[in-house]
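Fold and contact review
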Amino acid sequence: MKELLLVCAVAAFIVYGYFIMKKLDAFLANNRRLIEAEIAENSLFVAFDNPMILDSLMPLFEKFSKANPNCQFRFLFGNTEDIYDKLNKNRIDFGFIENTASANDDTYNCLIISTKQNRIICEKAGCTIEPLNPSEIQTDVIWKKASNNAFIHSFSDLLLSNQAAINAEYVK
């Protein structure tokens with residue numbers, strides 16, 4: 001009889017532990033969603049198909065950061081198809097891609113700017129990656145037209161107001 005009582009008590013604790021773990025999992029999942037939403041709300045996700053142009057755009061990102069200190073940039077890179085896919089899924093806010101005519105449609109805003117490929121420093125390998133052709137290249141900046149994020153509107157306004165200055169810097 002004692003063994004049966006002991007087995008029932010252990011089983012009750014296991015069932016109780018199972019329900020506590022389910023509640024803990026739900027709590028943690030909810031917190032993760034809230035944290036991700038807060039990060040997304042206070043960040044701009046910017047993707048590049050050519051990360052070598054990032055250095056030439058740093059003055060623009062610094063200017064925006066000074067005007068919007070609560071906004072953080074998250075830089076990503078991938079191919080053009082991935083950038084369009086992530087834009088459509090609202091996983092990124094801006095894409096800097098090779099100049100193509102496909103960005104001009106009803107879904108995206110597109111701005112053509114001149115950028116320069118610069119070297120990338122690889123700290124872990126202790127070397128730099130140099131572009132074969134460090135000349136000026138035309139880059140499309142794309143973002144979705146329908147957006148309610150204030151940082152997206154602010155950054156796009158900064159891009160539009162500084163387009164001539166960005167282009168003039170590399171037409172030398």
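Our next topic: the overall build of the chain. Regarding its fold elements, the chain presents four helices and seven strands. Order of helices (α) and strands (β) in the chain, N terminus to C terminus: α-β-α-β-α-β-β-β-β-β-α. The C-alpha atoms of the chain give 24 Å as radius of gyration, which overshoots the globular expectation for 172 residues (16 Å, by more than 25%). Overall, the C-alpha framework of the chain stretches about 95 × 40 × 30 Å when taken along its three principal axes. In the chain, buried positions account for 31% of the 172 residues. Taking the intrachain contacts of the chain between residues at least 6 apart in sequence as the baseline, contacts between residues at least 24 apart amount to 74%. As displayed, the chain has an accessible area near 11,600 Å², and 59% of this comes from carbon and sulfur atoms. When the 17 positive and 21 negative side-chain charges of the chain are each reduced to one mean point, those points stand 8 Å apart.

Looking now at the pairing of strand S7 (residues 136–144). The pairing of strand S3 (residues 94–98) with S7 spans four bridges and is classified as antiparallel. Paired with isoleucine 97 across the bridge in S7 is aspartate 140. By the bridge criterion, nine bridges tie strand S4 (residues 108–116) to S7 in an arrangement that is antiparallel. Looking at the pairing, lysine 116 lines up with glutamate 136 of S7.

Let us now look at helix H3 (residues 80–88). Side chains three or four residues apart in an α-helix point the same way, a direct result of the helix having 3.6 residues per turn. Among the residues of H3, Thr80, Ile83, Tyr84 and Leu87 are the ones counted as buried. The arc that holds the buried residues of H3, viewed along the axis, is 95°, so those residues lie on one side. Its side-chain oxygen placed 3.2 Å from the backbone nitrogen of glutamate 81, asparagine 79 serves as the N-cap of H3. Taken from the residues just after H3, asparagine 90 is the one with a positive phi, measuring 60°.

This part takes up the packing of aromatic side chains. Scanning the entire structure with this criterion turns up 15 aromatic pairs. Ring geometry for phenylalanine 94 against tryptophan 143: centres 5.5 Å apart, planes inclined by 45°, an arrangement best described as tilted. On the criterion of sequence distance, the pair formed by phenylalanine 94 in strand S3 and tryptophan 143 in strand S7 is long-range, its members being 49 residues apart. The same class applies to phenylalanine 94 and to tryptophan 143, which are both buried. Site record: aromatic cluster; members linked through ring pairs are Phe48, Phe61, Phe64, Phe73, Phe75, Phe94, Phe96, Trp143 and Phe155.

Leu44, Phe94, Phe96 and Phe155 are the most contacted members of the largest nonpolar core, which totals 21 residues. Mapped onto this core, the elements with two or more residues apiece are strand S1 (43–48), helix H2 (54–67), S3, S4, S7 and helix H4 (150–170). With five residues, H4 is the single largest residue contributor to this core. Membership of the second largest hydrophobic core comes to nine residues, among which are Ala47, Ile83, Ile92 and Ile97.

This part covers the sheet that holds S7. Within a sheet, each strand pairs with its neighbour through backbone hydrogen bonds, oriented either parallel or antiparallel. Strand order in this open sheet of five strands is S2-S1-S3-S7-S4, and the pairing throughout is mixed. Lying at the two open borders of the sheet, with one neighbouring strand each, are strand S2 (72–77) and S4. Ignoring strand direction, the axes of neighbouring strands in this sheet form an average angle of 25°.

Next up on the list: the pairing of S3. Within S3, four of the five residues are buried, which leaves it mostly tucked inside the rest of the structure. Examined bridge by bridge, S1 and S3 share three bridges and lie parallel to one another. Of the residues in S3, the one forming a bridge with phenylalanine 48 is phenylalanine 96.

The rules behind these values
Residues numbered from 1 in each chain as written. Predicted model: local features only at pLDDT ≥ 70, side-chain atom pairs only at ≥ 80, totals over all residues. Heavy atoms only, no water. Helix = DSSP H or I, 4+ residues; strand = E, 2+ residues; numbered from the N terminus. Rg over C-alpha atoms; globule rule 2.2 N^0.38 Å. Buried < 20%, exposed > 50% of the residue type's maximum accessible area, 1.4 Å probe, protein only. Contact = heavy atoms within 4.5 Å. Areas by Shrake-Rupley, 256 points an atom, 1.4 Å probe, with all protein chains shown as cover. Lys, Arg positive; Asp, Glu negative; His and termini not counted. Charge placed at Lys NZ, Arg CZ, Asp CG, Glu CD. Pairing = 2+ DSSP bridges. Arc of directions from axis to C-beta. Polar contact = N/O pair within 3.5 Å; in protein donor to acceptor, adjacent residues only side chain to side chain. Phe/Tyr/Trp six-rings, centres within 6.5 Å; stacked < 30°, edge-to-face > 60°. Core = buried A, V, L, I, M, F, W, Y, C linked by side-chain atoms within 4.5 Å. Axes fitted to C-alpha atoms, helices over the stretch in contact; angles between N-to-C directions.

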